[in-house]
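The primary structure of each chain is shown beneath.
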Amino acid sequence: MDLLKKYFPFSFKVKDLASLIINIVIYLIIDIVCGVVIGLLAKLPIVGIIFGLLGGLVGLYALVGIVIAILVFFKKL
C-alpha cells in the first residue's frame, strides 16, 4: 500500500465526491496534454518508438490513478 501511495499520491486524497471529480479531471488533463505532446514526438523517425511506448505508459498511469481514486472513494482500498 505504501508503494501505491508513493506513486499515486493524489488518488489517496479523495474524501468526497467533489475531490473525486477534481482528481479524475486532473488525471484526464495530464493524460490529454502528455498524449498530444508525445503523439507529436512519436512521429519522429528515430525516437518515435520510444515516445510511443512512453505515451502508452502515461495513459496507463492515468487510468490506474483514476481507478485507485474511485476505489478509495468507495472505501474498497
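Only a predicted model underlies this, so the values are computations on that prediction, with no experimental measurement involved.

(A) Quick peek at a nonpolar patch on the surface. Residues Leu17, Ile21, Val25, Ile29, Val33, Val37, Leu41, Leu44, Ile46, Val47 and Ile50 make up a contiguous nonpolar surface patch of about 980 Å² in total accessible area. Relative to the assigned elements, Ile50 resides in helix H3 (residues 48-73). Overall, Ile50 belongs to the exposed group, its relative accessible area being 59%.

(B) Molecular detail of helix H2 (residues 17-41). Taking 1.5 Å per residue as the helical rise, H2 with its 25 residues ought to reach 36 Å, and the 36 Å between its terminal C-alpha atoms agrees with that figure. Residues Ser19, Leu20, Asn23, Tyr27 and Ile38 constitute the buried set of H2. Of the surrounding elements, those touching the buried residues of H2 are H3.

(C) Quick peek at H3. Between the first and last C-alpha of H3 there are 38 Å, a value that for 26 residues agrees with the 38 Å anticipated at 1.5 Å per step. Of all the positions in H3, only Gly48, Val58, Ala62, Gly65, Ile66, Ile68, Ala69 and Val72 are classed as buried. Immediately beyond the C-terminal end of H3, within one or two residues, lies Lys75, with a positive phi of roughly 55°.

(D) Looking closely at the side chain of Asn23. For Asn23, the location among the structural elements is in helix H2. For Asn23, a relative accessible area of 5% translates into the label buried. Discounting residues that sit within four places of it in the chain, Asn23 has contacts with Phe10, Ser11, Val14 and Ala69.

(E) Broad picture of the nonpolar core. Core analysis: the largest hydrophobic core is formed by nine residues, namely Phe8, Phe12, Val14, Leu20, Tyr27, Ile66, Ile68, Ala69 and Val72. Sorting the residues of this core by element identifies H2 and H3 as the ones contributing at least two each. The leading source of residues in this core is H3, at four residues.

(F) Here's a closer look at the environment of Asn23. For the pair Asn23 and Phe51, spaced 28 residues apart in the sequence, the C-alpha separation amounts to 26 Å. A polar side-chain atom of Asn23 sits 2.7 Å from the main-chain carbonyl oxygen of Phe10.

Basis of the calculations
- Residues numbered from 1 in each chain as written.
- Predicted model: local features only at pLDDT ≥ 70, side-chain atom pairs only at ≥ 80, totals over all residues.
- Heavy atoms only, no water.
- Patch = residues over 30% accessible without salt bridge, like charges linked within 9 Å, V, L, I, M, F, W, Y side chains within 5 Å.
- Areas by Shrake-Rupley, 256 points an atom, 1.4 Å probe, with all protein chains shown as cover.
- Salt bridge = Lys/Arg side-chain N within 4 Å of Asp/Glu carboxyl O.
- Helix = DSSP H or I, 4+ residues; strand = E, 2+ residues; numbered from the N terminus.
- Buried < 20%, exposed > 50% of the residue type's maximum accessible area, 1.4 Å probe, protein only.
- Expected span 1.5 Å × (residues − 1).
- Contact = heavy atoms within 4.5 Å.
- Core = buried A, V, L, I, M, F, W, Y, C linked by side-chain atoms within 4.5 Å.
- Polar contact = N/O pair within 3.5 Å; in protein donor to acceptor, adjacent residues only side chain to side chain.

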